[in-house]
Amino acid sequence: MKAANGKVISEISTGEKRTYLKLEDIPLFLENLFIVTEDQKFYDHAGVDLSGISRALLINSQNKTIEQGGSTITQQLARNVYLSHDRTYNRKLSELNYAYQIERKKSKPEIMELYLNAIYFSNGAYGIEAASQYYFSKPTGELTKAELAFLAAIPNNPEYYNPLKHFDATKKRQERMLEQMVANGALEQAKYEKLIKSTIKLDLSTPVDLHPDYVTSVHQELKNLVASSEGLDKSLQSTDVAIRKNAEAELDKKVKELLNSGVTIHTALDTKLQT
């Protein structure tokens, strides 16, 4: 939520942090890093890498488990946006279908943009900008390549590579990813050695919460606007308890969806007049 002068006065969170970033504002180094480590045929396939799936099926059949998915970036996008993370073959088939549909409707740059804004970076941070702001308290464009690679290590397994709990594991994966860049000719050896020696120092952000009374008032106004646009006003005023509770639950759901979308609320607050 921003004041009239553009200053952030509150960060309303429902447990998820999201800030959408255009692909042009995301460093190319990060895009290349994910392509090399996650989907080297990204710009060639139509959503599915058959060789990757065959390799995963072979390994899974040998181990009698579903350890590898062989998922392309498009499949991962489908999983993060439309599906669950259950490791079942039914979910995998749905993932393939969604990936095919995404490729039909979106360009590769659009898919990459959506992907970098949708993947989970642990601790409630979805997308690279939210992760950058949360872990380093600065925008993605100001991150060093070492910091970008460190964040890129998280989505593969957000729980295991949660840097607040397993910093060393995250750092080791960062180094492996950079090593893979070298092996694929995307990074010079000298730059690799410099990057892995770069110190990674987390600087966790704290939520902004200025002018709480005013913010509470605006939040209530937002709920009123959502209720009106969704046609819930009458149900919210109903004397029937069941109808009213259902309407309240639906309103809470719609407001949460709106806030989770990364919406910015611009207000008329004049901070100079506040004490």
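Note: the structure precedes this text.
What counts and what doesn't
- Residues numbered from 1 in each chain as written.
- Predicted model: local features only at pLDDT ≥ 70, side-chain atom pairs only at ≥ 80, totals over all residues.
- Heavy atoms only, no water.
- Core = buried A, V, L, I, M, F, W, Y, C linked by side-chain atoms within 4.5 Å.
- Buried < 20%, exposed > 50% of the residue type's maximum accessible area, 1.4 Å probe, protein only.
- Helix = DSSP H or I, 4+ residues; strand = E, 2+ residues; numbered from the N terminus.
- Axes fitted to C-alpha atoms, helices over the stretch in contact; angles between N-to-C directions.
- Parallel < 35°, antiparallel > 145°, perpendicular 65-115°, else oblique.
- Contact = heavy atoms within 4.5 Å.
- Nonpolar A, V, L, I, M, F, W, Y, C, P; charged D, E, K, R; others polar.
- Phe/Tyr/Trp six-rings, centres within 6.5 Å; stacked < 30°, edge-to-face > 60°.
- Left-handed = near helix turned anticlockwise from the far one by under 90°.

Caption draft 1: Spatial organisation of the nonpolar core. Ranked by internal contacts, the top residues of the largest apolar core, which has 44 residues, are Phe29, Leu116, Phe121 and Leu151. Elements represented by at least two residues in this core include exactly helix H1 (28–38), helix H3 (73–82), helix H5 (108–118), helix H6 (128–136), helix H7 (145–152), helix H8 (167–183) and helix H9 (189–197). The next biggest cluster of nonpolar side chains, apart from the first, holds 16 residues, and it includes Met1, Val226, Ala247 and Leu269.

Caption draft 2: Broad picture of the packing of H8 against H9. Contact pair H8 / H9: the axes reach a minimum separation of 10 Å and the direction vectors enclose 175 degrees. Of the possible angle classes, the one that applies to H8 and H9 is roughly antiparallel. For the pair H8 and H9, the contacting residues are Lys171, Glu175, Leu178, Glu179 and Val182 in the first and Gln189, Tyr192, Leu195 and Ile196 in the second. Looking at side-chain class alone, the contact of H8 with H9 contains five nonpolar, one polar and three charged residues.

Caption draft 3: A look at the environment of Gly47. In this structure, Gly47 sits in the loop between H1 and helix H2 (50–63). On the basis of relative accessible area, Gly47 is assigned to the buried category, the value being 0%. Residues in contact with Gly47, not counting those within four places in the same chain, are Thr72, Thr74, Gln75, Ala99, Glu103 and Lys108.

Caption draft 4: Structural detail: the packing of aromatic side chains. The tally for this structure, following the rule as stated, stands at seven aromatic pairs. For the ring pair Phe34 and Tyr115, a centre distance of 5.6 Å and an interplane angle of 85 degrees mean the geometry is edge-to-face. Taken as a pair, Phe34 in helix H1 and Tyr115 in helix H5 lie far apart in primary sequence, 81 residues in all. For the residue pair Phe34 and Tyr115, the accessibility class agrees, reading buried in each case.

Caption draft 5: Representation of the environment of Ile9. When you line up the elements, Ile9 lands in the segment before strand S1 (17–18). On the basis of relative accessible area, Ile9 is assigned to the buried category, the value being 0%.

Caption draft 6: Representation of the packing of H1 against H7 within the structure. At a minimum axis separation of 10 Å, H1 and H7 run at an interaxial angle of 40 degrees. If you check the angle between H1 and H7, you find them oblique. Classified by chirality, the crossing of H7 by H1 is right-handed. Residue-level contacts link Phe29, Leu30, Leu33 and Phe34 of H1 to Lys145, Leu148, Ala149 and Ala152 of H7.

Caption draft 7: Quick look at the environment of Ser122. Tracing the backbone shows Ser122 in the loop between H5 and strand S2 (125–126). If near-sequence neighbours (up to four positions away) are discounted, Ser122 is found in contact with Tyr135, Ile154, Pro158 and Asn162.

Caption draft 8: Here's a closer look at the side chain of Ser10. On the secondary structure map, Ser10 appears in the segment before S1. Excluding residues that lie within four positions of it along the chain, Ser10 makes contacts with Met1, Val208, Asp209 and Val215.

Caption draft 9: Examining unusual backbone geometry more closely. Unlike most non-glycine residues, Ser122 shows phi in positive territory, near 70 degrees. Backbone geometry at Ser137 places phi at a positive 55 degrees, although glycine is not the residue there. By secondary structure assignment, the location of Ser137 is in the loop between H6 and H7. Overall, the relative accessible area of 31% leaves Ser137 in the partly exposed class.

Just distances and angles here, no functional claims.
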